[in-house]
Amino acid sequence: MRRLSPLDGLALGVTTRKDALVRAIILSAGRGSRLGALTVDRPKCLIELSGQTLLDWQLDHLAAAGVDEFVVVTGFRDDQVEAALARRSDNLSVRTMFNPFYQVADNLGTVWVAKDAFAGDCLVLNGDTIVSREIAEKVVTAGIPGITVTVDESDGDYDDDDMKVVRESDGRLRRIGKQLGSSSINAESIGMIVFRGDGAQRFVDAVDAMMRTPEGTTNWYLKVIDVLAAESRVETLSIKGMQWAEVDFLEDVALASALTADWKRAGDGARGSQPD
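First, a word on what this report is: a plain description of the structure on this page.

What counts, and at which threshold
Residues numbered from 1 in each chain as written. Predicted model: local features only at pLDDT ≥ 70, side-chain atom pairs only at ≥ 80, totals over all residues. Heavy atoms only, no water. Helix = DSSP H or I, 4+ residues; strand = E, 2+ residues; numbered from the N terminus. Buried < 20%, exposed > 50% of the residue type's maximum accessible area, 1.4 Å probe, protein only. 1 Å grid on protein atoms, 1.4 Å probe; cavity = no way out; pocket = protein on both sides within 12 Å on 5 of 7 lines; lining within 4 Å. Points joined across faces, edges and corners; volume = space filled by probe spheres on them. Nonpolar A, V, L, I, M, F, W, Y, C, P; charged D, E, K, R; others polar. Axes fitted to C-alpha atoms, helices over the stretch in contact; angles between N-to-C directions. Parallel < 35°, antiparallel > 145°, perpendicular 65-115°, else oblique. Left-handed = near helix turned anticlockwise from the far one by under 90°. Contact = heavy atoms within 4.5 Å. Salt bridge = Lys/Arg side-chain N within 4 Å of Asp/Glu carboxyl O. Core = buried A, V, L, I, M, F, W, Y, C linked by side-chain atoms within 4.5 Å.

**Overview of unusual backbone geometry**
Although it is not a glycine, serine 50 adopts a positive phi angle of roughly 55°. Tracing the chain through its elements places serine 50 in the loop between β2 (48–49) and β3 (52–53). Look at serine 50 and you get partly exposed, because its relative accessible area is 22%. The backbone of asparagine 91 shows a phi angle near 60°, a positive value even though the residue is not glycine.

See below:
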């Protein structure tokens, strides 16, 4: 698979701003057991949404926003992910990294397996999060130094499964975690984090340190971000009012299918996908 050239980018309507990110790391090692029969023998990233896979939607929108290199971290049924990527017709620069610990470690282990990919300006995206092209373009081209956590803001309450965030009025991240009990919770992470400048190295060093603790493999990688936020400045970027979905439960599939159907009607999908 070759990297997109500038001429390819113009043909696809790809963002070519100089501050666009070079690389995206997509964490797709999990099976997604909470989706029941949909993922008995298929990884979550390959469930179909409006005629193409969840992973295809991620690749299409990030590539359109200017990302030209992808690392997909695989685990459960990695052979199916490899085959799905091989069927794409757009020649994106995509490589995979296999996480052999996906059954026994939480997603901190998945990040640790891919730590060498965190070099320079890059982003990490959870394998079960789909974002609109509008969000992808805003996040990829924001140009905020250091570490930036993409967040949404709700007018209502946050539920137990939300990755809750406490942020200052100037955008600084104070806390992040599912179990936060603070009444000052005012946002949630959507599972998309950008690293610029020294941000990636700070993150990788902290991941490596946490993996060496007795609880290492049981941790979420966002616990690392919570620790870093207590030590130094971590930014947030709000995408309030924009379209995204996290696909964890069957009801999420219905929501994601409705969103992607709208995107497809708007001509915003299926750039690199080929039917089976």
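**With respect to the layout of surface pockets**
Taking a probe equal in size to a water molecule and rolling it over the atoms shows the remaining empty space. The calculated volume of the largest pocket comes to roughly 780 Å³. Per element, the largest residue contribution to the lining of the largest pocket is 4 residues, and it comes from strand β11 (residues 187–196). Residue classes in the lining of the largest pocket are distributed as 11 nonpolar, 13 polar and 11 charged.

**A few points about the packing of helix α2 (residues 54–65) against helix α5 (residues 133–140)**
Two quantities define a packed helix pair, namely the angle between the helix axes and the distance between the axes. Between α2 and α5, the least distance of the axes is 8 Å, while the angle of their chain directions is 50°. Overall, the two elements α2 and α5 adopt an arrangement that is oblique. Relative to α5, the crossing made by α2 is right-handed. From α2, His61, Leu62, Ala64 and Ala65 reach across to α5, where they touch Arg133, Ala136, Glu137 and Val140. Considering only residue class, the contact of α2 with α5 consists of 5 nonpolar, 1 polar and 2 charged.

**What to know about the pattern of salt bridges**
By the definition in use, this model includes 23 salt bridges. Across the pair aspartate 248 and arginine 34 runs a salt bridge, and its minimum N-O distance is 3.2 Å. Placement of aspartate 248 in the loop between β13 (244–246) and α8 (250–265) and of arginine 34 in the loop between β1 (23–28) and β2 is noted, with a sequence separation of 214 residues between them. Judged by relative accessible area, which is 5%, aspartate 248 ranks as buried. Arginine 34 gets classed as partly exposed once you look at its relative accessible area, which sits at 41%. In this structure, glutamate 137 and arginine 133 form a salt bridge, with 2.9 Å as the shortest nitrogen-oxygen distance. You can see glutamate 137 and its partner arginine 133 sitting in helix α5, 4 residues apart, about one turn around the helix. Here arginine 133 falls in the buried class, since its relative accessible area comes to 18%. Through salt bridges with shared partners, one network takes in Arg34, Lys44, Asp128, Asp161, Lys178 and Asp248.

**Here's the deal with the nonpolar core**
With 36 residues, the main nonpolar core has Ile25, Phe118, Ile193, Phe195, Phe203, Tyr221 and Ile225 as its most contacted residues. For this core, the element with the highest residue contribution is helix α6 (residues 199–211), accounting for 7 residues. Leu21, Cys45, Leu59 and Leu125 belong to the second-largest nonpolar core, a separate cluster that totals 33 residues.

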